[in-house]
Amino acid sequence: MRIGFIGVGKMASAIITGLKTTEHDLIISGASLARSQEIAEQLNVSFAQSHQDLIDQSDIIILGIKPQLFEAVLSPLTFKQPVISMAAGITLDRLGQLTNPELPLIRIMPNINAQLLASTTAISTNDKVTPDLLDLTKEICNSFGTTFEIAEKDFDTFTALAGSSPAYIALFIEALAKAGVKNGFPKSLALNIVAQTVQSTAQTIWSGPDSPHELIDKICSPGGTTIAGLMELERLGLTHATSSAIDKTIEKAKNL
Ligand SMILES: NC(=O)c1ccc[n+]([C@@H]2O[C@H](COP(=O)([O-])OP(=O)(O)OC[C@H]3O[C@@H](n4cnc5c(N)ncnc54)[C@H](OP(=O)(O)O)[C@@H]3O)[C@@H](O)[C@H]2O)c1
């Protein structure tokens, strides 16, 4: 299967790293012929002479351009094969208007952890996608992480919880590390301690049996240090601030 990428930035490059572990043949087309050549050399894949040339020789197309560029880039092109979009806020209906609504169309939402082949990726499809094509899409997405098939109406929420949240989690890690620096730790040491703790806490919650609440109860001894810090975090509104940030993310995705 020949998979063609239009637009190869941070996310498409990460996906290509995963796909290179599969048998699929990869070809790209970037912002210009010179950029295509440069990126193809970096990633060790083929490049096409133009976007239409890429479309004419690919079995499936993955769009790696920014949502704001969709109209300008896609309008002059004629698609004949399944198209996968990873763009935040571009619905399957909109993708159909910009390509061809009769084609099998797939929306995916990866996250930046694709660069470690550990993305949490959502998939939603239009009704032209056959079970075999859905399986192929899952195989593509599983090459750079794990895959969740979700209803399209939930895409913006997924985008907030999995696409954007690595930035929010990074902010929390940075804040904890800064607090370590304030109390005398070198930044690199504080970051190392915090990042490892976040990773193993996520692993503990993920592998069970404790829910986050049960874990919190286990750590907070009566009258102890952790409950003092926890009450301060809630006094300052951590849960409310987080929920409000997710609402803003969803609102922005709906208005892109
Ligand atoms: N980054 C994330 O965490 C994330 C998460 C989920 C979904 N996404 C989605 O992934 C898509 C790409 O995001 P990104 O973060 O990878 O952005 P990015 O790094 O800016 O990549 C976009 C790429 O598009 C290229 N480009 C610009 N104009 C083009 C044209 N006319 N034809 C072909 N390529 C063109 C750019 O080329 P130059 O390098 O030459 O400018 C750049 O390499 C977006 O739709 C975004 O919504 C991203």
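Bear in mind that the values here come from a model prediction, so they are computed numbers and not experimental data.

Asker: Which residues make up the sheet that holds strand S1 (residues 2-6), and what values do they have?
Answerer: Note: strands within a sheet are paired through backbone hydrogen bonds, in either parallel or antiparallel orientation. An order of S3-S2-S1-S4-S5-S6-S7-S8 is seen for the 8 strands of this open sheet, with the pairing classed as mixed. With one partner strand each, in any of the chains shown, strand S3 (46-47) and strand S8 (145-149) form the two edges of the open sheet. Note: S1 against strand S2 (residues 25-29), 5 bridges, orientation parallel. Looking at the pairing, Arg-2 lines up with Asp-25 of S2. Here helix H6 (residues 131-142) sits on the sheet and contacts S1, strand S4 (60-63), strand S5 (83-85), strand S6 (105-109), strand S7 (119-125) and S8; the angle it forms with S8, its principal contact strand, is near 145 degrees.

Asker: Residue-level account of the domain arrangement of the protein chain, with values.
Answerer: When the domains of the protein chain are assigned, the result is domain 1 (2-150) and domain 2 (158-254). Here domain 1 and domain 2 have C-alpha centroids that lie 33 Å from each other. With 12 residues of domain 1 at the contact, the number on the domain 2 side is 6 residues. Carbon and sulfur atoms supply 77% of the area buried between domain 1 and domain 2, which totals about 590 Å² over both sides. Ranking the residues of domain 1 by area buried against domain 2 places Gly-89, Met-109 and Asn-111 at the top, with a combined share of 48%. Counting across the interface, domain 1 meets domain 2 through 1 residue pair in polar contact (both at pLDDT 80 or more). If one sorts the elements of the side of domain 1 that touches domain 2 by residue count, S7 sits on top with 3 residues.

Asker: Outline the UniProt feature "domain: Pyrroline-5-carboxylate reductase catalytic N-terminal" (unreviewed entry) in the protein chain, listing residues and values.
Answerer: Mapped onto the present numbering, the UniProt feature "domain: Pyrroline-5-carboxylate reductase catalytic N-terminal" (unreviewed entry) falls on residues 2-89. Within residues 2-89, the helical portion is 36% and the strand portion 22%, while the C-alpha atoms at the span's ends are 27 Å from each other.

Asker: If you had to explain the UniProt feature "domain: Pyrroline-5-carboxylate reductase dimerisation" (unreviewed entry) in the protein chain to someone new, which residues and values would you point to?
Answerer: The UniProt feature table records "domain: Pyrroline-5-carboxylate reductase dimerisation" (unreviewed entry) at residues 152-256. Within residues 152-256, the helical portion is 81% and the strand portion 0%, while the C-alpha atoms at the span's ends are 16 Å from each other.

Asker: Can you break down the environment of Phe-144 residue by residue, with the values?
Answerer: Mapped onto the fold, Phe-144 is located in the loop between H6 and S8. Residue Phe-144 is classed as buried on the basis of its relative accessible area of 1%. With 72 residues separating them in the primary sequence, Phe-144 and Ala-72 have C-alpha atoms 29 Å apart. Non-local contacts of Phe-144, meaning those with residues more than four positions away in its chain, are made with Ile-15, Gly-18, Pro-110, Ala-114, Leu-117, Ala-118, Ser-119 and Thr-121.

Asker: Describe the site of the ligand, with residues and values.
Answerer: Close to the ligand lie 20 residues, the nearest being Lys-10, Met-11, Arg-35, His-51 and Ile-65. Here an oxygen atom of the ligand sits 3.4 Å away from a polar atom, N or O, in the main chain of Gly-9. Here an oxygen atom of the ligand and a backbone polar atom of Met-11 are 2.8 Å apart. In the complex, the protein chains occlude 77% of the 890 Å² of accessible area that the ligand would expose alone. Considered class by class, the residues forming the shell around the ligand number 12 nonpolar, 5 polar and 3 charged.

Asker: Please give an account of the packing of helix H7 (residues 155-182) against helix H8 (residues 187-207) that cites residues and values.
Answerer: Packed helix pairs are specified by the crossing angle of their axes together with the interaxial distance, meaning the distance between the axes. Relative to each other, H7 and H8 sit at 135 degrees, their axes nearing to 8 Å. Relative to H8, the element H7 lies oblique. Where H7 crosses over H8, the handedness of that crossing is right-handed. The segment H7 lies against H8, with Ile-169, Ile-173, Glu-174, Leu-176, Ala-177, Gly-180 and Val-181 engaging Lys-187, Ala-190, Leu-191, Val-194 and Val-198. Its residues assigned to classes, the contact of H7 with H8 comprises 9 nonpolar, 1 polar and 2 charged.

Asker: How would you sum up the pattern of salt bridges? Please name residues and give values.
Answerer: In a structure, side chains of opposite charge can pair up when their charged atoms sit close to one another. One pass over the full model with this rule turns up 13 salt bridges. Between Asp-210 and Lys-218 there is a salt bridge whose closest N-O contact spans 2.5 Å. Accessibility expressed as a relative area gives 61% for Lys-218, which makes it exposed. Each of Arg-107, Glu-152, Asp-156 and Lys-254 takes part in salt bridges that share partners, so that together they form one network.

Rules behind the numbers
Residues numbered from 1 in each chain as written. Predicted model: local features only at pLDDT ≥ 70, side-chain atom pairs only at ≥ 80, totals over all residues. Heavy atoms only, no water. Pairing = 2+ DSSP bridges. Helix = DSSP H or I, 4+ residues; strand = E, 2+ residues; numbered from the N terminus. Contact = heavy atoms within 4.5 Å. Axes fitted to C-alpha atoms, helices over the stretch in contact; angles between N-to-C directions. Domains from an automatic or database assignment. Buried area = accessible area lost by both parts, 1.4 Å probe. Polar contact = N/O pair within 3.5 Å; in protein donor to acceptor, adjacent residues only side chain to side chain. UniProt positions renumbered as here; feature names shortened; annotations may be inferred. Buried < 20%, exposed > 50% of the residue type's maximum accessible area, 1.4 Å probe, protein only. Near = heavy atom within 4 Å. Areas by Shrake-Rupley, 256 points an atom, 1.4 Å probe, with all protein chains shown as cover. Nonpolar A, V, L, I, M, F, W, Y, C, P; charged D, E, K, R; others polar. Parallel < 35°, antiparallel > 145°, perpendicular 65-115°, else oblique. Left-handed = near helix turned anticlockwise from the far one by under 90°. Salt bridge = Lys/Arg side-chain N within 4 Å of Asp/Glu carboxyl O.

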